[in-house]
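# Coordinate inspection notes
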2 protein chains.
Amino acid sequence: MSEVYRFSKTVTDGDGTMRGLLGGKGAGLAEMCRMGVPVPPGFTISTRCCISYLDEGGQLPEDVRADVMEKMKWLEAELGKSLSGDGPPLLLSVRSGARVSMPGMMDTILNLGLNDRTVAKLAEQSGNERFAYDSFRRFIQMYSNVVLGLSHSDFERILEDVREDEGVDLDSQISLDGLKRIVEEYKDLVLEETDQAFPEDPYDQLWGAINAVFESWNNDRAILYRKINNIDHKWGTAVNVQSMVFGNMGDSSGTGVCFSRDPSTGEPGPYGEYLRNAQGEDVVAGIRTPFKIDDPNDPESMAACWPEVYQQLLDTLGVLEKHFGDMQDTEFTVENGRLFLLQTRNGKRTSRASLRIAIDLYKEGLIDKHDAVRKVEPDSMSQLLASEFDQDAKQKLLDSGRLLGRGLNAGPGAATGVVTLSAEKAVELQEEGIPVILVREETSPEDIAGMHVSSGILTQRGGMTSHAAVVARGMGKPCVVGCTTMVVHTAEAAIQFGKRTIREGAFISIDGTTGEILEGKIPTTASPLIQQLSAGTVEPGSEGEQFALLMSWVDEIAKIKVRTNADAPADAKIARLLGAVGIGLCRTEHMFFGEDRIQHVRKMILAADESTRNEALAALQPFQENDFYELFKEMNGMPVTIRLLDPPLHEFLPHGDSLIEGLAHSMGITSTAVRHRVKDLEEANPMLGHRGCRLGISHPSIYRMQVAAIVGAVVRARAEGIDAQAEIMVPLVGAQAELDKVKASIQPVVREADLDLPIGTMIEIPRAALTADEIAESADFFSFGTNDLTQCGMGLSRDDSGSFLPLYIDAGIYARDPFKSIDQKGIGKLVSMAADMGRKTRPGIKLGVCGEHGGDPDSIRFFYKVGLDYVSCSPYRVPIAKLAAARASLEEGA
Amino acid sequence: MSEVYRFSKTVTDGDGTMRGLLGGKGAGLAEMCRMGVPVPPGFTISTRCCISYLDEGGQLPEDVRADVMEKMKWLEAELGKSLSGDGPPLLLSVRSGARVSMPGMMDTILNLGLNDRTVAKLAEQSGNERFAYDSFRRFIQMYSNVVLGLSHSDFERILEDVREDEGVDLDSQISLDGLKRIVEEYKDLVLEETDQAFPEDPYDQLWGAINAVFESWNNDRAILYRKINNIDHKWGTAVNVQSMVFGNMGDSSGTGVCFSRDPSTGEPGPYGEYLRNAQGEDVVAGIRTPFKIDDPNDPESMAACWPEVYQQLLDTLGVLEKHFGDMQDTEFTVENGRLFLLQTRNGKRTSRASLRIAIDLYKEGLIDKHDAVRKVEPDSMSQLLASEFDQDAKQKLLDSGRLLGRGLNAGPGAATGVVTLSAEKAVELQEEGIPVILVREETSPEDIAGMHVSSGILTQRGGMTSHAAVVARGMGKPCVVGCTTMVVHTAEAAIQFGKRTIREGAFISIDGTTGEILEGKIPTTASPLIQQLSAGTVEPGSEGEQFALLMSWVDEIAKIKVRTNADAPADAKIARLLGAVGIGLCRTEHMFFGEDRIQHVRKMILAADESTRNEALAALQPFQENDFYELFKEMNGMPVTIRLLDPPLHEFLPHGDSLIEGLAHSMGITSTAVRHRVKDLEEANPMLGHRGCRLGISHPSIYRMQVAAIVGAVVRARAEGIDAQAEIMVPLVGAQAELDKVKASIQPVVREADLDLPIGTMIEIPRAALTADEIAESADFFSFGTNDLTQCGMGLSRDDSGSFLPLYIDAGIYARDPFKSIDQKGIGKLVSMAADMGRKTRPGIKLGVCGEHGGDPDSIRFFYKVGLDYVSCSPYRVPIAKLAAARASLEEGA
């Protein structure tokens, strides 16, 4: 079996499906040949050869060598030219091409085959001596650099000298003699540096080039690129040996790149640039400014200059798009008015373009719904939802050096406001109508109210799943966390970036999409998509219509449903707008932090006796009931899963001296007593402490109050004709008996109201997963709390992992942040075991996921495979999750 | 199939193996009958009937009723007596008897069958009218209480009135007329209270009694007892219906209880008490003082009074011991000089007696080695090793009201010393030769040095597996933890128990075996066993010899080996003395706390640059090397598993102001810098934070120093002819790549010295267990760290669980403290999965357990089933673990 695949108008061995073996470029060239698109003929040496070559310590296997020789003969015959220069000279390009594009990472050699003899023939044949020598000097320079390992700069210096001597600015202005002098000086340089003459034999050149491309697979930048992009080191690169066509043969020649649609907006029509009388490298080098392809008003545009070639390019792009069913990114060369395609691939694009192109291609009949769904990357959705800065205003600040620092881009979107160092202050300012950026070392649940009224959140510490990040994403707020170059001086009411101090009250702007922090104010707007959806009507052709259409297809395809994590009616509303089909996690404790409630919560915790505690609980109940009622109203007809109190009581107590004194005063007890209780509730490892259903068991009246509030809200809502679908979820269960104990306490409250609400459990402790068969006997549903399951299962505190987790990911110990994308091998095993065991006990048990992983596409794909019924994520991630869910179904089908 | 089993000299349906069906008492009676031991005949109604009875709502099934009637006819024929009183009256005892003894929990009725007619016959037949009426009044009183539910006290009052009227002190002094009056008044009382006459028909009496015994299975105290002792509620009780023999027929009659050996020392020979002219209840009631069985010098002893009966009892005990192969605990009655056995069972005994009896029975040829091993409860070993108080001196303090409080008995043994509130002070005092009790709110690793020099440890907080408890047990120190009635006032240098304040420097005594805390000094001695073993020679017949013999059998039987957790040579020495075959866990960090090291450790942590850090590490290395060398010397030829640094660095930094300033001064940096670093290293959940091999990866030089120290110590030891067997253990591994990373860093250090030391890993994070197949590719051995595995796997912080875990155990959510005995269903599943996966990857991989569960018999049984190679536990638990290991093997064989 040959490892060398030919492509030409007449014979093509490979095709577009063979990316693994031929690389993306080789497969594209083969496919184009099969389609009849004009492509300079050549052949592709397979990626398998690359691996053999590297495995054998840099030796091209003998049979491959023989095969290449044979294919060279075929190529010479095909073109009636000869590499050795016996007939008309055949020049070659030798280019790498891996399975996935690794732009600029590997090497390319053009004009291979030139030597003193063939350069003369080329001059003669083309009638253009200047072109021939220009090609020759380009070849020596490229080959010397790529194959012989000589520094680029030495060659550039020679070029520069000649330009200087001739008094010209551009390489294309150098005289023929100048070019000849350059060629000679280049050769001298090679001899000097390598002690060997520049190879004259074109076959020696060819073997050198092939080996160099193979070697380039393992250069440092390629290895690094693969690491970063999670590309298998065992894939290898193919080598494409292709006959040269020349864009540098004069003014009816040229070279360029062209997208079939605008990659930034998605607008149909060609989008690209070209240079006349140039080879590809000139476009990249950026010395000459290329012209547009498609602007007929610009006399330099291709449309204006070469209307026929332009039309041919247009037609070819149309054929390619139709064939590949996607927007194409092409490279082309025009040789004396003849168009050749050198490469085509699916083009990269912005999020916005991605959505529009998918919809347009469908409407144009080029793809079906499934393909359209496959074309939109789930994560790109978040950009469509994020608020935006006025770009000019932002640039102005950047240009004037007002960038203060960078943190992690934890919540996309743009926000501007005055620096505010406490949640209380944030609430005050918001009441005065002043926009606020809440800046904290780290946030804690006490800051929730402040976060809610802030335009954006900035923290000094914490990672992508820190409290600030999680809550901000849930609220859809721009958020930058872990800005370690910032110091928060609470006492001095200022923050500091290096030597720059920003006082509380001064304006800053944060870009949660990029992580930038800027001094000053920048105008922002809500994302157009959110504006359109909120308006309730979508204009035909608008992004809102595109979004709605895509989501309608997603709904047809996806088997795994998407709910949202929401505690407030406003969040629920946004999530529903974005397509959530229920609430998968309502955290009741967030409701406890409202100013009108927290005092009661604290009284409840500090109560010295049962009756005082019950009083406080009784005072809380109407608040809870109303909160639930509002949620039911918003989610009318959809399930609302309410988690009973989860965090340790300690989190609800005040810590500042004045707060403690205030509380003591309002309760009529001493502040020492309050302090004592605060200390009493402190824990060494609160994550593994007295929280979740452990509280429900030690303080049953809390859970009973919450359930009474749920029941009350359901009754009230239903009386008003609202279809309230409450599900009660018990957190932190580790054993069936534990869930039974809680149920025995709360179920009578439900039954008393003649209701029959499902009672389920979080599976968030490894032991719960390990004994899910038993727990399923008592649970109407499972919701995997994969955040805590990850923390416990990996022995990894989310709040503390910042000091070593980045190191772990750099070192490749964990491929990804396990709090962002579920660790499938370890934690995923617990999920899949528990799902299997749960279904075995209770066939059809409803299985869901709440927690950050519910909004991560890779995790969703995993949850789909495990067979879960739904994921739940923060409102702004709902479209991402839905798209990921649909794509998971499609992958399965594929 | 009959559910009613007869027993008599002539016909016996059951036997001693049928405890499940006949209960312990019924099976014992049947077995005795089969052996020819004199037993009053009767029959046993099976436990199955109890369950039927209770399931059918308190109805005796018709066929059982018929069966009982039939067996009654048989019994009447056997004895030539009649229950209905048509012939000589047959009187019955009706007693409960469950599978396991539930002393005093259920009911008994004696003298059943008496009524106005039969009492006269009994008087006539016995020629003892007083005896007949005494029996009658006893019967009415017992029956009324047990079956009719009337209060005992009303009957006692009538009895009292008569005694008063007759001017006598004892019931046995009441006149015949008095007894007759009592009978009449009893009957009136019953009529008055129940509106029904006392049942005259003996069969009515019988059915009432049988039902009452069945009902008693579900009385409150029986249910509670079963809960506490983990007895299945579905077992039920049997009913033993037995013909009465009478110990109250005069001075040649009597009743008593007798052990076949002294249950407190194990000394051979009968040990018991008896009363003449009495029924069983009189012995229990304690109104008359019983006499000894076996003191020939006491004229009231049975040996002196009834030499023939005494001899007969002795012979019977011999027969029973031989038959049952164990020390027996019997009840007997003598009726007119004739001995009857009413019950026999294996006797309860002290730890000391348990060991001696097992050895003696073996030497007497009554049992084999296996039986001997089965007879000694593993946990009883700890009592043999614990130091002891002078009992008289302790009692004197107790009598004078000097008991200060009670805590949890966390480390057995007795200690006396002056109250000392800081580790530093403890060290100072010890240097002055003053014995110290270290009293702390809780202990932390900083206290290790202080704990080491203290005679005992007392803490206010913490449970059985708190830091104090674990470390103290490891050191074999008496320890009382969680004394919540104590308040430690560090500032005032005093501790307080209620209103009593004890100043620092005053003597207290703590009993780690009972949990008591006393004011004042009590002389203590090391346990005799430890004294004998340390002396190195064991006297024949001594406890030391008994222990050695038992352990030699254990070594023959046990398949799972026992190592010890030891960091100090002294601990290693004790452990070896007690039979450890290696060190399974040497915690290197304990060595860091020595006064001569901690400064270097702190410098290493605070180092601003690499060279300062390396300097500090270089200074530490010789200390570590010498520590390891000493351990190798002590363990010559045995494996020593050394765990690399595990705790978070924060634990090594000082927290007090003066300590911080001292450190800053000695390092030439500001105390603010030190404070900053201390704060920097603080973690929200240190348990899940930057520790274990995470430190080894972020600070590779620490692990490399430690491994260099191990390597150095091995080389030095081997050069001296010591067979040093080091194993390097990497803690907190969660992924294969993580272990690989550590190995890549430390293995060169080992290879450089031309050594080949095994490198293994702890399995203590659930993810490690879940991916053990991969980890085994890189690990030479696994050691299950079940403490952390429990913490992570159950989401349960050991330090914080005190606020709810007791509640959980009370409520039966977890049957036992999962830190004491491994949670087999959940955490055990991880262990067994990991063991299976590990062996699949690497057949024969060595698997061990370190951590508290390694010393718990139930856990050891589980680890044996899973197929682990060894457990490792604190030195003083080594014999317990060994015995448990042997018993696990025997169970398997059985």
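Calculation criteria
Residues numbered from 1 in each chain as written. Chains lettered and ligands numbered in written order. Predicted model: local features only at pLDDT ≥ 70, side-chain atom pairs only at ≥ 80, totals over all residues. Heavy atoms only, no water. Phe/Tyr/Trp six-rings, centres within 6.5 Å; stacked < 30°, edge-to-face > 60°. Helix = DSSP H or I, 4+ residues; strand = E, 2+ residues; numbered from the N terminus. Lys NZ or Arg CZ within 6 Å of the ring centre and 35° of its normal. UniProt positions renumbered as here; feature names shortened; annotations may be inferred. Buried < 20%, exposed > 50% of the residue type's maximum accessible area, 1.4 Å probe, protein only. Contact = heavy atoms within 4.5 Å. Polar contact = N/O pair within 3.5 Å; in protein donor to acceptor, adjacent residues only side chain to side chain. Core = buried A, V, L, I, M, F, W, Y, C linked by side-chain atoms within 4.5 Å. Pairing = 2+ DSSP bridges. Least-squares fit on C-alpha atoms with pLDDT ≥ 70 in both. Axes fitted to C-alpha atoms, helices over the stretch in contact; angles between N-to-C directions. Parallel < 35°, antiparallel > 145°, perpendicular 65-115°, else oblique. Nonpolar A, V, L, I, M, F, W, Y, C, P; charged D, E, K, R; others polar. Lys, Arg positive; Asp, Glu negative; His and termini not counted. Salt bridge = Lys/Arg side-chain N within 4 Å of Asp/Glu carboxyl O. Patch = residues over 30% accessible without salt bridge, like charges linked within 9 Å, V, L, I, M, F, W, Y side chains within 5 Å. Areas by Shrake-Rupley, 256 points an atom, 1.4 Å probe, with all protein chains shown as cover. Charge placed at Lys NZ, Arg CZ, Asp CG, Glu CD. Domains from an automatic or database assignment. Buried area = accessible area lost by both parts, 1.4 Å probe.

## Comments concerning the packing of aromatic side chains
Under the counting rule described, the total for this entry stands at 30 aromatic pairs over all chains. On the basis of an interplanar angle of 55 degrees and a centroid distance of 5.6 Å, the ring pair of F592(B) and F652(B) is categorised as tilted. Here F652(B) lies in the loop between β26 (639-643) and α26 (657-667) and F592(B) lies in helix α23 (residues 588-592), a separation of 60 residues in the sequence. Ring geometry for F782(B) against F784(B): centres 6.4 Å apart, planes inclined by 80 degrees, an arrangement best described as edge-to-face. An aromatic cluster is built from F139(A), Y143(A) and F198(A), whose rings are joined through pairwise contacts. Positioned over the ring face of W217(A) is R226(A), at 3.7 Å from the centre of the ring. When the ring centre of F507(A) is taken as origin, the NZ or CZ atom of K521(A), which lies over that ring, is 4.5 Å away.

## Quick notes on the UniProt feature "binding site: Mg(2+)" (unreviewed entry) in chain A
All names here are of chain A. The positions that UniProt labels "binding site: Mg(2+)" (unreviewed entry) are, in the present scheme, E764 and D788. Sequence-wise these annotated residues cover 25 residues; spatially they are packed, their C-alpha atoms never more than 5.4 Å apart. Within the secondary structure, E764 sits in the loop between β28 (759-763) and α31 (766-770). Take E764: its relative accessible area is 2%, and that puts it in the buried class. Not counting residues up to four positions away in its chain, the partners in contact with E764 are D646, R691, P731, L732, G785, D788 and L789. There is a polar contact of 2.6 Å between the side chain of E764 and the backbone nitrogen of L732.

## Points about the nonpolar core
The biggest cluster of nonpolar side chains holds 284 residues, and the ones touching the most others in it are F632(A) and F632(B). Discounting residues that sit within four places of it in the chain, F632(B) has contacts with V640(B), I642(B), I710(B), A713(B), V714(B), A717(B), I722(B), A724(B) and A726(B). Residues F43(A), V94(A), L179(A) and V239(A) belong to the second largest nonpolar core, which totals 65 residues.

## A word on the pairing of strand β3 (residues 92-98) of chain B
Residue and element names in this part refer to chain B. With seven of its seven residues buried, β3 lies for the most part within the structure. Neither face of β3 is left uncovered, since the one carrying L92, V94, S96 and A98 and the one carrying S93, R95 and G97 both have all their residues buried. Bridging between β3 and strand β5 (residues 237-243) involves seven bridges; their strand directions are antiparallel. Among the inter-strand pairings, R95 is bridged to a residue of β5, identified as N240.

## A few points about the relation of the copies chain A and chain B
Mapping chain A onto chain B calls for a rotation angle of 180 degrees and an axial translation of 0.1 Å; the resulting RMSD is 0.1 Å. Both copies are brought into coincidence by an operation consistent with a two-fold rotation axis. When the interface residues of chain A are mapped onto chain B, 100% of them are again interface residues, pointing to one common binding face.

## Details of the packing of helix α24 (residues 595-606) of chain B against α26(B)
Any two packed helices are characterised by the angle at which their axes cross and by the distance between the axes. Residue and element names in this part refer to chain B. The contact between α24 and α26 brings their axes to 11 Å, and the two run at 75 degrees. Classified by the angle their axes make, α24 and α26 are roughly perpendicular. Contact residues: Q599, R602, K603 and L606 in α24; L663, S666 and M667 in α26. Partitioning the contact of α24 with α26 into residue classes produces three nonpolar, two polar and two charged.

## What about the side chain of D817(B)?
Residues and elements named next belong to chain B. As for its placement among the helices and strands, D817 is situated in the loop between α34 (805-810) and α35 (827-841). Summary of buried charges: D817 has no salt-bridge partner, and the nearest side chain of opposite charge, K820, is 6.5 Å away. Among the polar contacts listed, one links the side chain of D817 to the backbone nitrogen of F819, at a separation of 2.8 Å. In contact with D817, not counting residues within four places along its chain, are L805 and I809.

## Quick word on the sheet that holds strand β2 (residues 42-45) of chain B
Residue and element names in this part refer to chain B. Spatial strand order, β1-β2-β5-β3-β4: five strands in an open sheet with antiparallel pairing. At either end of the open sheet lies a strand with only one pairing partner, and these are β1 (4-7) and β4 (108-112). Each strand of the sheet is rotated relative to its neighbour by a mean of 20 degrees, with strand direction disregarded.

## Digging into a negative patch on the surface
Residues and elements named next belong to chain A. On the surface, a cluster of negative charge is contributed by E424, E428, E431, E432 and E595. In terms of residue count, the dominant contributor to the negative patch is helix α17 (residues 423-431) (three residues). By the secondary structure assignment, E424 is in helix α17.

## Here's the deal with the domain arrangement of chain A
Many analyses report the size of an interface as the accessible area lost when the parts associate. All names here are of chain A. Domain annotation for chain A reports domain 1 (4-243), domain 2 (254-382), domain 3 (392-524) and domain 4 (558-599 + 620-648 + 705-893). Each of domain 1 and domain 2 has a C-alpha centre, and these two points are 25 Å apart. Contact with domain 1, which involves 18 residues of that partner, is made by 19 residues of domain 2. Of the roughly 1,700 Å² buried between domain 1 and domain 2, counting both surfaces, carbon and sulfur atoms make up 60%. For domain 1, the biggest contributors to the area lost against domain 2 are M35, P38 and R138; these three give 30% of the whole. At the boundary of domain 1 and domain 2, one finds one salt bridge. Here E331 ties to R95 by a salt bridge, and the two come within 3.4 Å at their closest N and O atoms. Taken together, the connections running from domain 1 to domain 2 amount to five residue pairs in polar contact (both at pLDDT 80 or more). Among the secondary structure elements, those contributing two or more residues to the side of domain 1 that touches domain 2 are α1 (19-35), β4 (108-112) and α5 (129-146). For the side of domain 1 that touches domain 2, the class distribution of residues is 10 nonpolar, four polar and four charged.

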